[in-house]
Structure formats: C-alpha cells, structure tokens
Amino acid sequence: MEKITSDHQLDAYAADIAAEIAEEIKEHGGDAYDLAHECADGSEHVIYHYKAHAICQNCNTDAGEDFVSDTGEPEGGWSYDGLAVAIAYGELRYRIECALADKGVI
C-alpha cells in the first residue's frame, strides 16, 4: 500500500497485522503486546516520514496523540517528522491491539 489515506484503510491494515500476530501466537507462542509493538514499530507506515504524515493528515489520530502525551516529549524536543512518526506508531499500535482484542487474543 503506497500510503494510508483513510481510517478504513488504517483499520484494515491493522486487522491484517493482527491476523498475522494471532497466527504467529497460535503456531509459535509469544506475547501479543510485544508482537503488536514490533509490528507497529517496523511498519513502513511508521518508519517512512511521508507515510506517517499521511496517517496524521488523513486519519483520526486521537490514540496516537494520547500515546505521545503519555510518553512525554523527548530530550531536545520534537522534530516535525519525529512527532508524526510517534503519532503514527501510537495510532497503529492501538488499532492492532484493538483488532487483537476483537479476535480474543488479548
């Protein structure tokens, strides 16, 4: 997916990741929260600035903004791209965890 431009796309993307995590846990075990973190942290929609900005511009990012608020500002302050990446990460991880909860995994 080039970039995410709607909440529907972000929800579908998170649901696909959650399905992969559920399968991984079923086959090999593991912690759902750790796997959700790893998948969100390594997602192309988080690590590439323009894709993170697309999520921030086109999707509801309340959970991502809450994540940033809860974690606090890094030493030295936020850069424009760093803030977008942090919000996109928090939002994606939240939606993955919600999808895992819907599947009864967490």
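Quick note: structure is the one above.
An account of the accompanying structure is given in this report.

Basis of the calculations
- Residues numbered from 1 in each chain as written.
- Predicted model: local features only at pLDDT ≥ 70, side-chain atom pairs only at ≥ 80, totals over all residues.
- Heavy atoms only, no water.
- Helix = DSSP H or I, 4+ residues; strand = E, 2+ residues; numbered from the N terminus.
- Buried < 20%, exposed > 50% of the residue type's maximum accessible area, 1.4 Å probe, protein only.
- Polar contact = N/O pair within 3.5 Å; in protein donor to acceptor, adjacent residues only side chain to side chain.
- Contact = heavy atoms within 4.5 Å.
- Phe/Tyr/Trp six-rings, centres within 6.5 Å; stacked < 30°, edge-to-face > 60°.
- Salt bridge = Lys/Arg side-chain N within 4 Å of Asp/Glu carboxyl O.

1. Focus on the side chain of Lys-51
Along the chain, the position of Lys-51 falls in helix H4 (residues 49-58). Residue class for Lys-51 comes out buried when judged on its relative accessible area of 5%. Within the local environment of Lys-51, its side chain forms a polar contact with the side chain of Glu-44, the two groups lying 2.2 Å apart. Sequence-distant contacts of Lys-51, that is, excluding residues within four places in its chain, are made with Met-1, Glu-2, Lys-3, Glu-44 and His-45.

2. Section: the packing of aromatic side chains
Per the counting criterion, the structure on display carries 1 aromatic pair. A ring pair is formed by Phe-67 and Tyr-89, whose centres lie 5.1 Å apart and whose planes are at 65°; its orientation type is edge-to-face. Remark: Tyr-89 occurs in helix H6 (residues 80-102) and Phe-67 occurs in helix H5 (residues 62-71); sequence separation between them is 22 residues. Tyr-89 carries the same exposure label as Phe-67, and that label is buried.

3. Some remarks on the pattern of salt bridges
The full count for this structure, using the stated rule, is 5 salt bridges. Between Glu-91 and Arg-95 there is a salt bridge; the shortest N-O distance is 2.8 Å. Of this pair, Glu-91 and Arg-95 both sit in helix H6, separated by 4 residues, roughly a single helical turn. With respect to class, Glu-91 is no different from Arg-95; both count as buried. Each of the salt bridges in this network shares a partner with another, and the network as a whole consists of Asp-7, Asp-11, Glu-91 and Arg-95.

4. Here's the deal with the side chain of Glu-91
Its relative accessible area of 3% is what places Glu-91 among the buried residues. A distance of 3.1 Å separates a polar side-chain atom of Glu-91 from the backbone nitrogen of Ala-63. Of note is the side chain of Glu-91, whose polar atom sits 2.8 Å from the side chain of Arg-95. Not counting chain neighbours up to four residues away, the residues in contact with Glu-91 comprise Leu-10, Asn-60, Thr-61, Asp-62, Ala-63 and Gly-64.

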